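One-letter residues, chain by chain:
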Amino acid sequence: MKHIQGLGLALASLTLTGGAMAADLRLDGFPDYDSQLEAILGGFPEHNVDMLMNEHGGHHDKLKTNLATGSGAGDVVLIDRNFVGSFVNQGGFVDLTDEFAPYSDNFAPYAVTQGQGSDGNQYAVPVDLGPGVVYYRRDYMEDMGYDLDEVMTDWDSYLDYGRALKEDGILLIGNANAVATAYWNFNVEPGNGLYFDSEGEPLVTSDRFKRAFELAKTVRDEGMDGNISEWTEEWYAGFREGRFATQMSGAWLLGHLQNWMAPETSGNWGVSNLPDNTYGTWGGSFLAIPRQSEQPEAAWDLIEYMISEDIQLAGFQNIAAFPAHTATYDNPMFNEPIDFLRGQRARVLFADIAENVTPVEPHEGDQIAESLIGTALEQVLNDGMDIDTALANAERQIKRRVR
Amino acid sequence: MTTTEMTDPTTAQENAQRDKSDRQRTFWHKTTPYWFMSPYIIIFGTFGIFPVLFMIYLSFHTWNPVAGLGTMEYVGLENYVLSLTDPTLWQTLWNTFLMALYSGVPQHLVALPLAYLLVQLGKRARHWLTTAYFLPYVTSTIAISMIFFVMFSKESGIINQALMGLANGSLTGWAFGWLNDVMPLGWVQENSLIRYSVSFVVFWKYVGFNIVIYTAGLATISDELYEAAIIDGANSWQRFTRIALPLLRPFIFFAVTLTIIGNMNLFDEPYVLTRGLQQASTNGMTISNYLYRVAWEWLDMGSAAAISWILFMVIGLFTGLYFWFFGRRGLGGE
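Residues numbered from 1 in each chain as written. Chains lettered and ligands numbered in written order. Predicted model: local features only at pLDDT ≥ 70, side-chain atom pairs only at ≥ 80, totals over all residues. Heavy atoms only, no water.

A. Local environment of the overall build of chain B. Along the backbone of chain B there are 16 helices and 2 strands. A compact globule built from 334 residues should have a C-alpha radius of gyration of about 20 Å, whereas chain B, at 29 Å, is more than 25% larger. Projected onto its principal axes, the C-alpha positions of chain B cover 110 × 65 × 40 Å. Expressed as a percentage of the 334 residues in chain B, the buried residues total 43%. Put simply, 67% of the contacts in chain B that link residues at least 6 apart link residues at least 24 apart. (Helix = DSSP H or I, 4+ residues; strand = E, 2+ residues; numbered from the N terminus. Rg over C-alpha atoms; globule rule 2.2 N^0.38 Å. Buried < 20%, exposed > 50% of the residue type's maximum accessible area, 1.4 Å probe, protein only. Contact = heavy atoms within 4.5 Å.)

B. Representation of the layout of surface pockets. Residue and element names in this part refer to chain B. Approximately 560 Å³ is the volume found for the second largest pocket. If you go around the second largest pocket, you meet 22 residues; those closest to its centre are Val105, Val256, Ile260, Tyr322 and Phe326. Sorting the residues of the lining of the second largest pocket by element identifies helix H4 (87-120), helix H12 (236-264) and helix H16 (301-330) as the ones contributing at least two each. The leading source of residues in the lining of the second largest pocket is H12, at 8 residues. In terms of residue class, the lining of the second largest pocket is built from 15 nonpolar, 5 polar and 2 charged. (1 Å grid on protein atoms, 1.4 Å probe; cavity = no way out; pocket = protein on both sides within 12 Å on 5 of 7 lines; lining within 4 Å. Points joined across faces, edges and corners; volume = space filled by probe spheres on them. Nonpolar A, V, L, I, M, F, W, Y, C, P; charged D, E, K, R; others polar.)

C. Up close: the environment of A:Ser86. All names here are of chain A. Relative to the helices and strands, serine 86 is located in helix H4 (residues 81-88). The class of serine 86 is buried, set by a relative accessible area of 4%. Expressed as a C-alpha distance, the spacing of serine 86 and leucine 257, which sit 171 residues apart in the sequence, is 30 Å. Within the local environment of serine 86, its side chain forms a polar contact with the backbone oxygen of phenylalanine 83, the two atoms lying 3.1 Å apart. (Polar contact = N/O pair within 3.5 Å; in protein donor to acceptor, adjacent residues only side chain to side chain.)

D. A look at the environment of A:Ala237. All names here are of chain A. Following the sequence through the fold, alanine 237 ends up in helix H12 (residues 233-240). With a relative accessible area of 15%, alanine 237 lands in the buried category. As for alanine 237 and valine 88, which are separated by 149 residues in sequence, their C-alpha atoms are 38 Å apart.

E. Expanded view of the side chain of A:Asp80. All names here are of chain A. Note that aspartate 80 resides in strand S3 (residues 76-80). Despite its burial, aspartate 80 pairs with no opposite charge; the closest candidate is arginine 81, at 6.3 Å N-O. Residues contacting aspartate 80, with those up to four places away along its chain left out, are Phe30, His56, His60 and Gly284. (Lys, Arg positive; Asp, Glu negative; His and termini not counted. Salt bridge = Lys/Arg side-chain N within 4 Å of Asp/Glu carboxyl O.)

F. The arrangement of the packing of H12(A) against helix H13 (residues 253-261) of chain A in detail. Residue and element names in this part refer to chain A. Where H12 meets H13, the closest approach of the two axes is 11 Å, and the angle between their N-to-C directions is 85 degrees. Taken together, H12 and H13 sit at an angle that is classed as roughly perpendicular. Facing H12, whose interface residues are Trp235, Tyr236, Phe239 and Arg240, H13 presents Leu253, Leu257, Trp260 and Met261. Class assignment of the residues belonging to the contact of H12 with H13 gives a composition of 7 nonpolar, no polar and 1 charged. (Axes fitted to C-alpha atoms, helices over the stretch in contact; angles between N-to-C directions. Parallel < 35°, antiparallel > 145°, perpendicular 65-115°, else oblique.)

G. Main features of the packing of helix H10 (residues 177-186) of chain A against helix H11 (residues 207-221) of chain A. All names here are of chain A. For the pair H10 and H11, interaxial distance at closest approach is 8 Å and the crossing angle is 160 degrees. Taken as axis vectors, H10 and H11 run roughly antiparallel relative to one another. Seen from above, H10 lies across H11 with right-handed handedness. Contacts from Val179, Ala180, Tyr183 and Trp184 in H10 reach Arg208, Phe209, Arg211, Ala212, Phe213, Leu215, Ala216 and Val219 in H11. (Left-handed = near helix turned anticlockwise from the far one by under 90°.)

H. Just the confidence of the model for chain A, in detail. Residues and elements named next belong to chain A. Looking at chain A, pLDDT values average 89 and 95% of them are 70 or higher. Predicted confidence in chain A is weakest over helix H1 (residues 2-17), with a mean pLDDT of 46, and strongest over H11, with 96. Below pLDDT 50 for its whole length, residues 6-19 participates in 3 contacts with residues either more than four positions away or in separate chains. (pLDDT = per-residue confidence, 0-100.)

I. Geometry of the nonpolar core. Of all hydrophobic cores here, the largest spans 106 residues; its most connected members are A:Tyr158 and A:Met248. At 11 residues, H16(B) tops the list of elements feeding residues into this core. In this structure A:Met248 touches A:Val133, A:Val134, A:Trp155, A:Tyr158, A:Ile173, A:Ala178, A:Val179, A:Ala182, A:Leu274, A:Pro275 and A:Trp282, once residues within four positions along its chain are discounted. A:Ala111, A:Val133, A:Ala298 and A:Phe334 belong to the second largest nonpolar core, which has 69 residues in total. (Core = buried A, V, L, I, M, F, W, Y, C linked by side-chain atoms within 4.5 Å.)

J. The arrangement of the interface of chain B and chain A in detail. The interface of chain B with chain A comprises 42 residues on the first partner and 31 residues on the second. Summed over both sides, the interface between chain B and chain A buries roughly 3000 Å², with carbon and sulfur atoms accounting for 41% of that surface. Summed over the three residues of chain B that lose the most area to chain A, namely B:Val66, B:Trp296 and B:Trp298, the buried surface amounts to 24% of that side. Linking chain B to chain A there are 3 salt bridges. B:Asp300 serves as the salt-bridge partner of A:Arg401, at 3.7 Å between the closest nitrogen and oxygen. Here chain B is connected to chain A by 27 residue pairs in polar contact (both at pLDDT 80 or more). The element that contributes the greatest number of residues to the side of chain B that touches chain A is helix H15 (residues 287-297) of chain B, accounting for 6 residues. Of the residues contributing to the side of chain B that touches chain A, the split by class is 16 nonpolar, 17 polar and 9 charged. (Buried area = accessible area lost by both parts, 1.4 Å probe.)

K. How the structure looks around the packing of aromatic side chains. Tallied over the full model, the rule gives 54 aromatic pairs over all chains. Pairing B:Tyr271 with B:Tyr292 gives two aromatic rings, centres 5.6 Å apart and planes at 80 degrees, and the pair type is edge-to-face. Of this pair, B:Tyr271 sits in helix H13 (residues 268-273) while B:Tyr292 sits in helix H15, and the two are 21 residues apart along the sequence. Residue class for B:Tyr271 comes out partly exposed when judged on its relative accessible area of 22%. Ring pairs connect the aromatic residues A:Trp231, A:Trp235, A:Tyr236, A:Phe239, A:Phe244, A:Trp252, A:Trp260 and A:Trp269, which therefore count as one cluster. Sitting over the ring of A:Trp269, A:Arg137 keeps its end group 5.6 Å from the ring centre. Just above the ring of B:Tyr206 sits the side chain of B:Lys205; from NZ or CZ to the centre is 5.5 Å. (Phe/Tyr/Trp six-rings, centres within 6.5 Å; stacked < 30°, edge-to-face > 60°. Lys NZ or Arg CZ within 6 Å of the ring centre and 35° of its normal.)

L. Looking closely at the side chain of A:Glu234. With respect to the element layout, A:Glu234 can be found in helix H12. Reaching out from A:Glu234, the side chain makes a polar contact with the backbone nitrogen of B:Lys154 at a distance of 3.4 Å. Among residues more than four places away in sequence, those in contact with A:Glu234 are A:Ile228, B:Ser153, B:Lys154, B:Glu155, B:Ser156 and B:Gly157.

M. Layout of the domain arrangement of chain B. The domain architecture assigned to chain B consists of domain 1 (1-46) and domain 2 (79-152 + 187-330). Computed from C-alpha coordinates alone, the two centres of domain 1 of chain B and domain 2 of chain B are separated by 52 Å. (Domains from an automatic or database assignment.)

N. Focus on the pairing of strand S5 (residues 246-250) of chain A. Residue and element names in this part refer to chain A. Within S5, 5 of the 5 residues are buried, leaving the element largely enclosed by the surrounding structure. The pairing of strand S4 (residues 125-137) with S5 spans 5 bridges and is antiparallel. Paired with valine 134 across the strands is methionine 248, a residue of S5. (Pairing = 2+ DSSP bridges.)

Put into structure tokens, the structure is as follows:
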């Protein structure tokens, strides 16, 4: 009897100290990460990992509820870039600064910054990136006698190309608001955030937003876009039928285009930097450990595994998640030509972008600013509201709402 | 332990025990109904009463849910002041009111005569048709809204396709030719159209529900009244307006009250049709959508709680006014 009790105590203390004991972990995330995990978990025998996958929006809603009530979140959670800003400053996640320190130099600097709170601590660790690019139809450019450099010199040359396309009945882009979004996202002044300066003052009436709105308005007013909502059946059909000549997006759009959106257009596409040779980011995901997790050490083991070089490469192969680990970019795989893009070695371009994007500090009001700016853009493009008025309205509302 | 008591009982102890078991019996006897009701009471308390009380508390605090429960901060009436001076709140309230009107009024104007016709048709046809009209009501709102979203689509949507067909048809072209100038219509993309599109979906979904209420109501009206009216020479229209409508008043009152409350709480249809408030949201966003955005996108639970209380009061006001004007007559009294 005594022996058994002693053994139990020893076991209990072993479990408490963590040590080499296998823990039961759960990772909460969204697809396609389930495919990635299924493929890689065989190489991670230290702990038993379970996963809970919900679609993108549902996953983040659930996470908010879990954080609010302090219970129910997984030991490791996947967070989309859009939500990181509003999450990292709220104290719901374990500070991973010390754990991540040995690795941080190997990760795209801008993404490392995005995972930091305003106190400079690392609360979320980048796991995949979304280098911002523009996909374009090579055949249209050839037919019209334009070359890429000529089109992408700056935003005005891009619009000129759109005007020429219009003569031939081809749209420059599906929806003008992608032009505006790209412009304000990719031209952030050094030291500023996306929507707020370092003092927390909104920047939405600045020249960057005015110019972004003007560009989109030009595209819309001159009939260069189809006013087709992104991620709808009509948008997919537009790609299939070749109605649009360009699309701004994250590098990840390639996977969607070649797998299901427009596989039959293979070989007609190319990818480039944004006009004016801009480096920018569009999307990306992070991993974090909620403070409510009872086994943060074991949870970190899992994150450490998922951000290791091999697994980052595996993620690229399995689900086209662009690695956040920059050492992977030397892998021969990055030099492989991509058939869909007519043999272009596009991954080299993606890697170049990932390493050169300037860090932009997230702000807790980013979500509020994003939806209010979205409404302002809609009012300008669809309802003919004056740009200055719309931006001033947005600024006033942002100031009220961000407390 | 109990063996000593059993082998050596005293009268006092026995009495005490009998008293105790009596009291227990009456206790169980008296409380039995409540035990049977307790599952409901517990569930209602947890999901009905507690959230309401918590919301009152919440509306006087700022709270970012992501930061955890410990971060609530008392701010007095700030949330109410902020919300009541928020132009978006008034805009969304106006949107809600208009969509409630556009979808609500036709619902009853169509349901009343249709129910009257159905009742005339006889039992068999009535049952089948009522079921058919009721079908949208029992179908998932999200599914319906998504299908309408596809139908409303600009280039390939069946609605625009049909309108184009009318505009270019050889027989209909003279009447619909002007449509060519405005095509393609962005039913769910344009702020000028979104309210009508949402209202139509709401109308389509709930008209069957009202038909069922009204057919049930018409069934309570005795045939003798109609027969007497026929003998007096009343035509079909007169029988509808002079007999059916007045006697249906309590039913109309009930159905309209439900419509007011339901329509002011409108959420799903506009949410799906504006693609999660991504397009045409200036005119398409209802106050329920807005409070969702404030709570779950902007993570400002305090303001959202205040907005829902404001919405509660608006609904209370509308229903109150409706009762005030029509209540007594509506319920059948004078």
